[in-house]
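Topology and contacts: notes
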Amino acid sequence: TFFEGEEAVMMGGDTMVESIMLMLRGLSEEELKAWATRRFPALKRGNRTNYLVAPEISMLAGGLGRVMQYLGRGQKKMGLNVVFIEPGYPSKYNKKTGQLEKMNYAELPLPIKIDDEPSKDFDGLTVDVQGNQVEVLVYTAINDEGIPVYTFRDKNGYYVQSLYMYSENGQPFSNQFSFVEFMTKATLKIIDRLEEK
């Protein structure tokens, strides 16, 4: 069979066949964890963490959020240690009214309860964005799958405003290049702090 014995396809054979068989047959949680241990030995060694980072994870505004959710939830079922890191947008764009509204993560299709106050574990976190020192505020949550979620934004609310809203002249929002610089540098510093713990 595909799943039994050392030479079986699911035990290290063709990746395409293996993927199709996983979709068709599926595995119990125990089988999936055993399979992941054989297939991803480096990820299962020691106390490793997979940091999944994107501008859209909890907000299911398009395809990226859904892909990140499926990926993170699937990795968790494989027994991997997963952490989501994403910008914490204070507002969202309402297509019907054309206005920005206050963002409430507790009302999302996959709701998360984000702490009201920034985490003390990240006090003093700053990044350099185009020569300016920018203070980063980090908020913590746990999603319904038990995956830790770290959302972040800049203290002055310039770089992280609303999902995928940028302006070319920098007013009232940052442009996409400065947002990406802020997001990248903030994410790396957040991961450094988490790894230090």
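Attention here is on the structure that accompanies the text. Each chain has its residues counted from 1, following the order in which its sequence is written. Totals for whole chains, interfaces and linings use all residues, but because this is a predicted model, local features are given only for residues with pLDDT of at least 70 and pairs of side-chain atoms are given and counted only at 80 or more. Hydrogens and water are ignored here; the side-chain numbers use all heavy atoms of the structure.

Observations concerning the overall build of the protein chain
Filter applied, for reference: Each helix corresponds to a stretch of at least 4 residues labelled H or I by DSSP, and each strand to a stretch of at least 2 residues labelled E; elements are numbered beginning at the N terminus. Here the term buried applies to any residue with accessible area under 20% of the maximum for its type, exposed to any over 50%, and partly exposed to those in between, with areas from a 1.4 Å probe on protein chains only. A contact between two residues is defined here by any heavy atoms of the two lying within 4.5 Å. Here the Shrake-Rupley method, with its probe set to 1.4 Å, supplies the accessible areas, and only the displayed protein chains count as covering residues.
The helix and strand inventory of the protein chain stands at five helices and seven strands. Seen in sequence order, the protein chain has helices and strands lined up from the N terminus as α-α-α-β-α-β-β-β-β-β-β-α. Considering the protein chain as a whole, with its 197 residues, one finds that 40% of them fall into the buried category. The contacts in the protein chain between residues at least 6 apart in sequence include a share of 55% that link residues at least 24 apart. As presented, the protein chain carries roughly 11400 Å² of accessible surface, and 52% of it is formed by carbon and sulfur atoms.

Some remarks on unusual backbone geometry
The phi dihedral of Gln130 is positive, around 50°, even though this residue is not glycine. Position of Gln130 among the secondary structure elements: in the loop between strand E5 (126–129) and strand E6 (132–142).

Here we look at the nonpolar core
Filter applied, for reference: Nine residue types can take part in a nonpolar core, namely buried Ala, Val, Leu, Ile, Met, Phe, Trp, Tyr and Cys, and a core is a set of them joined through side-chain atoms within 4.5 Å.
If you look at the biggest cluster of nonpolar residues, it comprises 45 residues, and the most contacted ones within it are Ile85, Phe152 and Phe182. Among the elements of the structure, helix H2 (29–39), strand E1 (50–53), strand E2 (82–87), E5, E6, strand E7 (148–154) and helix H5 (176–196) are those that each provide at least two residues to this core. When neighbours within four sequence positions are excluded, Ile85 is seen to be in contact with Tyr51, Leu52, Val53, Ala54, Ile57, Tyr150, Phe152, Thr187, Ile190, Ile191 and Leu194.

Some thoughts on the packing of aromatic side chains
The following threshold applies: Between the rings of Phe, Tyr and Trp (Trp by its six-membered ring), a pair exists once the centres lie within 6.5 Å; its type follows the angle of the planes, with under 30 degrees stacked, over 60 edge-to-face, and the other angles tilted.
According to the stated counting rule, one finds four aromatic pairs in the structure shown. Here the aromatic rings of Phe122 and Tyr150 are separated by 5.8 Å at their centres, their planes lie at 70°, and the arrangement is edge-to-face. Note that Phe122 is positioned in the loop between strand E4 (99–102) and E5 and Tyr150 in strand E7, a separation of 28 residues in sequence. Residue Phe122 shares its accessibility class with Tyr150, and that shared class is buried. Measuring from ring centre to ring centre gives 5.3 Å for Tyr159 and Phe182, while their planes differ by 10°; the resulting arrangement is stacked. Linking Tyr159 in the loop between E7 and H5 with Phe182 in helix H5, this pair joins segments that are 23 residues apart in sequence.

Observations concerning the sheet that holds E6
Sheet strands line up and pair through hydrogen bonds in the backbone, either parallel or antiparallel. Inclusion rule: Should DSSP find at least two bridges between two strands, the strands are regarded as paired. Under this scheme, a helix contributes an axis fitted over its contacting stretch, all axes are lines through C-alpha atoms, and angles between N-to-C directions fall in the 0 to 180 degree range.
Strands sit in the order E1-E2-E7-E6-E5 across an open sheet of five strands; the sheet is mixed. Bordering the open sheet on either side are E1 and E5, each of which pairs with just one other strand. Within the sheet, the average angular offset between the axes of one strand and its neighbour, ignoring direction, is 30°. Pairing of E6 with E7, which is carried by seven bridges, proceeds in the antiparallel orientation. Bridging from a neighbouring strand, Leu137 pairs with Arg153 of E7. Of the strands in this sheet, E1, E2, E5, E6 and E7 touch H5, which is tilted by about 150° from E5.

Let's talk about the pairing of E1
Pairing analysis gives four bridges linking E1 to E2, with the strands arranged parallel. When the sheet's bridge partners are listed, Asn50 is paired in E2 with Val82.

With respect to the pairing of E5
Every second residue of E5 is oriented toward a common face, the buried set being Val127 and Val129 and the non-buried set Thr126 and Asp128. Pairing between E5 and E6: four bridges, direction antiparallel. Its bridge partner being in E6, Val127 is matched across the sheet by Val134. Taken together, E5 and the strand that follows it, E6, pair antiparallel across an intervening segment of two residues, in which Gln130 is found at a positive phi of about 50°.

A closer look at helix H4 (residues 63–77)
The criterion, for reference: Expected span of a helix, by definition, is 1.5 Å for each gap between consecutive residues, and there is one gap fewer than residues. Directions pointing from the helix axis toward each C-beta atom define the arc.
With 15 residues, H4 extends 21 Å from end C-alpha to end C-alpha; this agrees with the ideal 21 Å at 1.5 Å per step. Within H4, burial applies to Gly65, Met68, Gln69, Gly72, Arg73 and Gln75. Buried residues of H4, viewed axially, fall in a sector of 160°; they line one side. On its buried face, H4 is in contact with E1 and E2. Immediately downstream of H4, the backbone of Gly79 shows phi near 90°, a positive value.

Observations concerning the side chain of Ser58
Selection rule: In protein, a polar contact requires one atom able to donate a hydrogen and another able to accept it; more generally it is a pair of N or O atoms within 3.5 Å, and residues adjacent in sequence count only if both atoms are side-chain atoms.
Considering the arrangement of structural elements, one finds Ser58 in the loop between E1 and H4. A distance of 2.7 Å separates a polar atom in the side chain of Ser58 from a polar atom in the side chain of Glu86. Discounting residues that sit within four places of it in the chain, Ser58 has contacts with Gln69, Glu86, Tyr105, Leu108, Ile112 and Val149.

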